[in-house]
Number of protein chains: 2
Amino acid sequence: MTDETETTAPDSVARDSHEHLSRDFVRTVLDLVEAGDVEAVREKVEPLHPADIADLVELTPAEQRQPLAAAIAGLIDGDVLAEMNDWVRDELIEALDPHEVADIAAELDTDDAVAIIEDMEEEDQRAVLRALDPDDRAAIEEALSYPEESAGRLMQRELIAVPEHWTVGDVLDYLRGEEELATDFWEIFVVDPGHKPVGTCALSWILRTPRSVAMGDVMKREQTLIPVGMDQEEVALIFQKYALISAAVIDDSGRLVGMITVDDVVHIISEEAGEDALLLSGAGEGDINEPVVDSYKVRVRWLIANLGTAMVAATIIGMFEGTIVKMVTLAALMPIVAGVGGNAGTQTMAVTVRALATNQLTQSNTMRAIRREIKVALLNGVTIAAVLGSGVGLVFQNPLLGGVIATAMLANIVIAGCAGVLVPLTLARFRADPAVASSVFVTMTTDSMGFLVFLGLASASGLTG
Amino acid sequence: MTDETETTAPDSVARDSHEHLSRDFVRTVLDLVEAGDVEAVREKVEPLHPADIADLVELTPAEQRQPLAAAIAGLIDGDVLAEMNDWVRDELIEALDPHEVADIAAELDTDDAVAIIEDMEEEDQRAVLRALDPDDRAAIEEALSYPEESAGRLMQRELIAVPEHWTVGDVLDYLRGEEELATDFWEIFVVDPGHKPVGTCALSWILRTPRSVAMGDVMKREQTLIPVGMDQEEVALIFQKYALISAAVIDDSGRLVGMITVDDVVHIISEEAGEDALLLSGAGEGDINEPVVDSYKVRVRWLIANLGTAMVAATIIGMFEGTIVKMVTLAALMPIVAGVGGNAGTQTMAVTVRALATNQLTQSNTMRAIRREIKVALLNGVTIAAVLGSGVGLVFQNPLLGGVIATAMLANIVIAGCAGVLVPLTLARFRADPAVASSVFVTMTTDSMGFLVFLGLASASGLTG
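Reading the values: rules and limits
Residues numbered from 1 in each chain as written. Chains lettered and ligands numbered in written order. Predicted model: local features only at pLDDT ≥ 70, side-chain atom pairs only at ≥ 80, totals over all residues. Heavy atoms only, no water. UniProt positions renumbered as here; feature names shortened; annotations may be inferred. Helix = DSSP H or I, 4+ residues; strand = E, 2+ residues; numbered from the N terminus. Buried < 20%, exposed > 50% of the residue type's maximum accessible area, 1.4 Å probe, protein only. Contact = heavy atoms within 4.5 Å. Pairing = 2+ DSSP bridges. Axes fitted to C-alpha atoms, helices over the stretch in contact; angles between N-to-C directions. Salt bridge = Lys/Arg side-chain N within 4 Å of Asp/Glu carboxyl O. Expected span 1.5 Å × (residues − 1). Arc of directions from axis to C-beta. Buried area = accessible area lost by both parts, 1.4 Å probe. Nonpolar A, V, L, I, M, F, W, Y, C, P; charged D, E, K, R; others polar. Least-squares fit on C-alpha atoms with pLDDT ≥ 70 in both. 1 Å grid on protein atoms, 1.4 Å probe; cavity = no way out; pocket = protein on both sides within 12 Å on 5 of 7 lines; lining within 4 Å. Points joined across faces, edges and corners; volume = space filled by probe spheres on them. Lys, Arg positive; Asp, Glu negative; His and termini not counted. Parallel < 35°, antiparallel > 145°, perpendicular 65-115°, else oblique.

An unreviewed UniProt entry lists chain A under the name Magnesium transporter MgtE, from Sphingomonas koreensis. Among the UniProt annotations of chain A, the heading Sequence similarities (unreviewed entry) holds the following wording: "Belongs to the SLC41A transporter family."

So this is what it looks like as structure tokens:
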């Protein structure tokens, strides 16, 4: 409900064609910060959208962030912090006094306030909570009492709930009379005397209905209710599946305790969907703002696991040293069998992990998915085996060698297809995140089996005499 | 605006705890289909949400889909089709008569109608368009004139736009009087006489404002406008960044031509974020409903590319056959150096691709990101090299061999870190999708360099005499 006369087109100098801040703009601002020209800095930054101010701070090198933050103090409000990368935000907040953090948190909806406070050290968190007024403190403390990444953390308590017997006119009068309302809401919840939801009403229906009609006659009785303890990933999938704009959150006794809106869910959808590529590679959260040491700790653990699986493969090769000595060409060719097999396994694994993450792969269609992947693997295997086998046979003028590598390649691609679908499915069955551990097992299988089948066949076929 | 008396809690038998259809439910329905008990099938399926009916069809094996579709004819309406997986939907639609498709399309918003029609064969598409009434046909033909995956395809033309001088009362009267309105909308656009957007007004603001106030005083003048030709991925990023519920779409002359709502964007956010893992593995769209032959075509191309890079690595090994013959243990150890290096490269690559996709990595912070990855690589490299080098030195009672493999491992992890960040950045600079081709180049680098450095050092160090 603002009537500022901002221009319709956002500041075109600040953004490049891809809707992110241009390099020149960032550089200009940082030069002004360095020159100590606080007024010019504020003039540049003030017209930006909170999300762009957050981006500006993120794009600023770590050592210049505090001077920038000092120059634009007051412009970094709750909305800006809510948009900011976790790592960068925590760094800024650590530099603030608990009272300043409390002032920022007080002006936000519960969910955004919680997002800012939940990652603080416990001691700092307590200091901030003490500095809040009792109502805000109670709301935030309650939210913090729910598990991390649950609907209770995600919801805001600010919402509109009205009794069923109210008319549309009653609702309009109530809304026009209330000063202290959640600023943005998209539906009105209808509740019974026990504050349990009985229906929901999109604002557009209210706008189109005469004042005299009762809410009970406008509302839709079927609605998707989110239990307060539900994991945020499941909340995101439900919002996506039922195309929700907002949804009521209920406690264990079915009472309405909060509301989740789609804008709070959108970044979770994106994070959860995007993290598969990172998890599959063992890069953890993979945030480029994460401190180097944290990235190192996550990644090195994974590399050590991979070192272990590589040792298994090396041991298998070691068993065939006699064969390799007789025909050293095998040493040059064996990584092809293992590598291409590894790639085929990764493909199947990526498809399976994604299908599991989007609830497309359930117990009802598991067998079908396995058969499907084996068919694809057979087609791929025959093609690659034919190309590789005939190539090797011709180049080395050795049809038997060509036959051995073709057979090994086909076998390893089929093994890879099976591992690529069975490993994630098994992990999911045991309630482990298939994105986290699948690649270690799949790669170990394709490497070991690739070497074993190829060298084993070479030895058994009499190729090496 | 429904007043059906459906229960608040959705049919608990149909769904399991994870909000997808239970295996028992799917099996029961399919058994009833097989038994030909159409009435019982419809009784089971009718209470389901359209998204759940879509899921049911997807979870049904291909050969039973047509009998199921026949049994629940009429229940598979536009809303169900709009929720359905592309492959499954196309299969169902192919079995329908153009007039039936036209009937379904006519009841949908433009964006959903376009989604159903755009993938049809051109001839069938023309037949459906002919069967539509002229208004619907014009709207859909216009939408189809915009490039695929652009805002023009995504938008709906149904929206509410009012002049600035109207009062809130005028808007309420207008909305209450109109029969033919977009059923769900979340903001009202204010336009000038040339139909150019001048402001926007969330419905909650209108509800809270007295009838006499002019729209020009309620609306917010700053709004994010989406050009009709903008790529859907960018649309999704903008919705995410500015937490939008809906946004106005404008044509080249700045006139309001449509509206995009967040529920149409949510699945794009999820798809675009989730596809990185699939693209990095070369699995294409990676949809488990894709026909086997299509999956084969996409994946085999990638495997052949990987076969090529594996040949490069094999050639490098071939250059060192003399060295390997002298010390065959090298053949067993060399895949460790290449494999762990490949993993380190994949980690950095996944992080870089994700940062590029979320606009977190821009020209402003490229150099910082590169330095950061090199630091992480050095830490990882030193750790892994120490573990591997001392292990190999001890096991083989050969400190020189330990030193050689440690040095090669450190070098390859640092090379992997550089390749993992530079390859995606270079591809992005040339406007190629970094997720599509990065792994081929990164793997080729880590494999080739791993073998080259390890075998080269082994040869040069005098290890093999």
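J.: Now, about the overall build of chain A: what can you tell me, with residues and values included?
T.: Of the regular secondary structure elements, chain A holds 22 helices and 6 strands. Taking the principal axes of the C-alpha coordinates as reference, chain A spans close to 95 × 65 × 45 Å. Burial analysis of chain A (465 residues in total) assigns 55% to the buried set. In chain A, the proportion of contacts linking residues at least 24 apart, taken out of those at least 6 apart, comes to 66%.

J.: Tell me about the sheet that holds strand β1 (residues 161-163) of chain A, and please be specific about residues and values.
T.: Strands pair in a sheet through their backbones, by hydrogen bonds, and they do so in one of two ways: parallel or antiparallel. Residues and elements named next belong to chain A. Strand order in the open sheet made by the 3 strands is β1-β2-β3, with mixed pairing throughout. Every other strand in the sheet has two partners, leaving β1 and β3 (197-202) as the edge strands with one partner each. The average undirected angle you get between the axes of adjacent strands in this sheet is 35°. With 3 bridges joining them, β1 and strand β2 (residues 187-191) adopt parallel strand pairing. Within β2, the residue paired with Ala-161 across the bridge is Phe-189.

J.: Talk me through the pattern of salt bridges; I want residue IDs and the actual numbers.
T.: Counted by the stated rule, this structure contains 22 salt bridges over all chains. Across the pair Arg-372 of chain A and Glu-373 of chain A runs a salt bridge, and its minimum N-O distance is 2.9 Å. Each member of the salt-bridge network shares a partner with another, and the members are Asp-52 and Asp-55 of chain A together with Lys-241 of chain B.

J.: Could you give an account of helix α1 (residues 23-35) of chain A, with specific residues and numbers?
T.: Residue and element names in this part refer to chain A. In this model α1 runs 18 Å from its N-terminal to its C-terminal C-alpha over 13 residues, within 8% of the 18 Å that 1.5 Å per residue would give. For α1, the set of buried residues is Phe-25, Val-26, Val-29, Leu-30, Leu-32 and Val-33. All buried residues of α1 lie within an arc of 155° about the axis, which places them on one face of the element. In α1, the exposed positions that point more than 90 degrees away from the buried face belong to Asp-24, Glu-34 and Ala-35. Structurally, α1 contributes buried residues whose contacts are with α2 (38-45), α3 (50-59) and α4 (62-71). With its phi angle positive at about 75°, Gly-36 sits one or two positions after the end of α1.

J.: Describe the interface of chain A and chain B, and please don't skip the residues or the numbers.
T.: Buried accessible area, meaning the area lost when the parts come together, often serves as the stated size of an interface. Residue-level contacts link 143 residues of chain A with 143 residues of chain B. Carbon and sulfur atoms supply 62% of the area buried between chain A and chain B, which totals about 12900 Å² over both sides. One can count 6 salt bridges joining chain A with chain B. Here Asp-55 of chain A ties to Lys-241 of chain B by a salt bridge, and the two come within 2.8 Å at their closest N and O atoms. Looking at which element gives the most residues to the side of chain A that touches chain B, the answer is helix α19 (residues 329-357) of chain A, with 16 residues. Of the residues in the side of chain A that touches chain B, the class split is 68 nonpolar, 39 polar and 36 charged.

J.: Hey, could you go over the relation of the copies chain A and chain B for me, with residue numbers and the actual values?
T.: When chain A is fitted to chain B, the residual RMSD is 0.1 Å, and the transformation amounts to a turn of 180° plus an axial shift of 0.0 Å. On this basis, the relationship between the two copies can be described by a two-fold rotation axis. It is Ala-277 of chain A whose C-alpha, among those of chain A, lies nearest the rotation axis, at 2.1 Å. Taken as a fraction of all interface residues of chain A, those also at the interface in chain B reach 100%, which identifies the copy contact as same-surface.

J.: So what's going on with the UniProt feature "domain: CBS" (unreviewed entry) in chain A? Which residues, and what values?
T.: Within this numbering scheme, the UniProt entry marks residues 219-275 of chain A as carrying the feature "domain: CBS" (unreviewed entry). Annotated as residues 219-275 of chain A, this span is 42% helix and 25% strand, and its ends, taken at the C-alpha atoms, are 38 Å apart.

J.: Give a detailed account of empty space enclosed by the protein, specifying residues and quantitative values.
T.: Scanning the entire structure with this criterion turns up 4 cavities of 30 Å³ or more. Along the walls of the largest cavity sit 40 residues, with Thr-346 and Thr-443 of chain A together with Gly-342, Thr-346 and Thr-443 of chain B positioned nearest its centre. Where the lining of the largest cavity is concerned, the elements lending two or more residues are α16 (262-281), α17 (292-319), α19 and α22 (434-460) of chain A together with α16 (262-281), α17 (292-319), α19 (329-357) and α22 (434-460) of chain B. In terms of residue count, the dominant contributor to the lining of the largest cavity is α19 of chain A (9 residues). Class assignment for the residues of the lining of the largest cavity results in 18 nonpolar, 20 polar and 2 charged. Here the second largest cavity is characterised by a volume of approximately 110 Å³.

J.: Go over the side chain of Asp-276 of chain A, please, and point to the residues and values.
T.: Residue placement: Asp-276 of chain A occurs in helix α16. For Asp-276 of chain A, which is buried and forms no salt bridge, the nearest opposite charge comes from Arg-354 of chain A, at a distance of 4.3 Å. When residues no more than four places from it in sequence are discounted, the contact partners of Asp-276 of chain A are Val-353, Arg-354, Ala-357 and Ala-435 of chain A together with Ala-277 of chain B.

J.: Which residues make up the packing of helix α15 (residues 232-241) of chain B against α16 of chain B, and what are the values?
T.: Residues and elements named next belong to chain B. The geometry of α15 relative to α16 is characterised by a closest axis approach of 9 Å and an angle of 110° between their N-to-C directions. Viewed along their axes, α15 and α16 adopt a mutual orientation that is roughly perpendicular. In this structure, α15 uses Gln-232, Glu-233, Val-235, Ala-236, Phe-239 and Gln-240 to contact α16, whose residues at the interface are Val-262, Val-265, Ile-268, Ile-269 and Glu-272. Looking at the contact of α15 with α16 residue by residue, the classes come out as 7 nonpolar, 2 polar and 2 charged.

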